[in-house]
Amino acid sequence: MNDIRLEPVPGCDAGLKQALSISGLPTEDLEDPGRSFFRAVTSDGGTDGYAGIETCGDAVLLRSIVILPEHRGRGLGKSPTKETLKAARESSAVYLATTTAAPFFENLGFVVVERGDVPTAVLATRQLSGICPASAAIMKLSRPPI
């Protein structure tokens, strides 16, 4: 497996938008303030995927973790997720919303939480207040990923 490093990209990055669109992930709010996105770059300069994080007061919302279709099934999702989490302050609670990847995130230390237990600032994000379906599982990082 190649070593992966993250390079910052703007929310308007065409590769980011295309990767999210192909995977059925939202793109409507990528250019809103408070978001940081990254391209997962292999040691040979190729792109494996993208990741993002959104600041929500004292918490953060992990979002837009996507591995390009041609690289899926090789265990590459863990590395960009872990590296993206390093962009969050250690004191920040980390949340995410997913409709399909709960088992993946459970293996990284996330647990499903009730909406009533999620900070208002996280629930007020465009992601959770309208873009993601109400059926999406909201998860919180309960331990550092291994």
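The following paragraphs examine the structure supplied in this document. It should be emphasised that the depicted structure is a prediction, and the values quoted were computed from it without experimental measurement. (Residues numbered from 1 in each chain as written. Predicted model: local features only at pLDDT ≥ 70, side-chain atom pairs only at ≥ 80, totals over all residues. Heavy atoms only, no water.)

## Here we look at the pattern of salt bridges
(1) Moving on: For the coordinates displayed, the defined rule picks out 10 salt bridges.
(2) Moving on: With its nearest N and O atoms 3.7 Å apart, the salt bridge here joins Arg-35 to Asp-32.
(3) Moving on: Residue classification places Arg-35 among the buried positions, given a relative accessible area of 15%.
(4) Moving on: Here Glu-54 makes a salt bridge to Arg-35, at a shortest N to O gap of 3.0 Å. (Salt bridge = Lys/Arg side-chain N within 4 Å of Asp/Glu carboxyl O. Buried < 20%, exposed > 50% of the residue type's maximum accessible area, 1.4 Å probe, protein only.)

## Focus on the pairing of strand E4 (residues 59-67)
(1) Moving on: Most of E4 is tucked away: 9 of the 9 residues are buried.
(2) Moving on: Across 7 bridges, the pairing between strand E3 (residues 47-56) and E4 is antiparallel. Considered in E4, the bridge of Glu-54 is made with Leu-61.
(3) Moving on: With antiparallel pairing between neighbouring strands as the criterion, E3 and E4 make up a hairpin whose turn holds 2 residues, including Gly-57 at a positive phi of roughly 65°.
(4) Moving on: With respect to chirality, the unit in which E4 leads through helix H2 (residues 78-85) into the neighbouring parallel strand E5 (residues 93-98) is right-handed. (Helix = DSSP H or I, 4+ residues; strand = E, 2+ residues; numbered from the N terminus. Pairing = 2+ DSSP bridges. Right-handed = clockwise from strand over helix to strand, strands pointing away.)

## Some points on the side chain of Arg-63
(1) Moving on: Of note, Arg-63 is situated in strand E4.
(2) Moving on: A polar atom in the side chain of Arg-63 sits 3.1 Å from the side chain of Gln-127.
(3) Moving on: Beyond its immediate stretch of four places on either side in the chain, Arg-63 contacts Asp-29, Leu-30, Arg-35, Phe-37, Ala-51, Gly-52, Ile-53, Glu-54 and Gln-127. (Polar contact = N/O pair within 3.5 Å; in protein donor to acceptor, adjacent residues only side chain to side chain. Contact = heavy atoms within 4.5 Å.)

## Structural notes on helix H1 (residues 14-22)
(1) Moving on: Regarding H1, the residues found buried are Leu-16, Ala-19 and Leu-20. Looking straight down H1, one finds its buried side chains confined to an arc of 95°; they lie on one side. For H1, the exposed residues lying more than 90 degrees away from the buried face are Ala-14, Gln-18 and Ile-22.
(2) Moving on: Where H1 begins, the capping side chain belongs to Asp-13, and its oxygen is found 3.1 Å from the backbone nitrogen of Gly-15.
(3) Moving on: Just downstream of H1, Gly-24 is the residue with a positive phi angle, here 75°. (Arc of directions from axis to C-beta.)

## Comments concerning H2
(1) Moving on: Among the residues making up H2, those that are buried are Pro-80, Thr-81, Thr-84 and Leu-85. Each buried residue of H2 sits inside an arc of 135° when the element is viewed along its axis, so together they form one side.

None of the figures reported here should be taken as evidence of function without further support.
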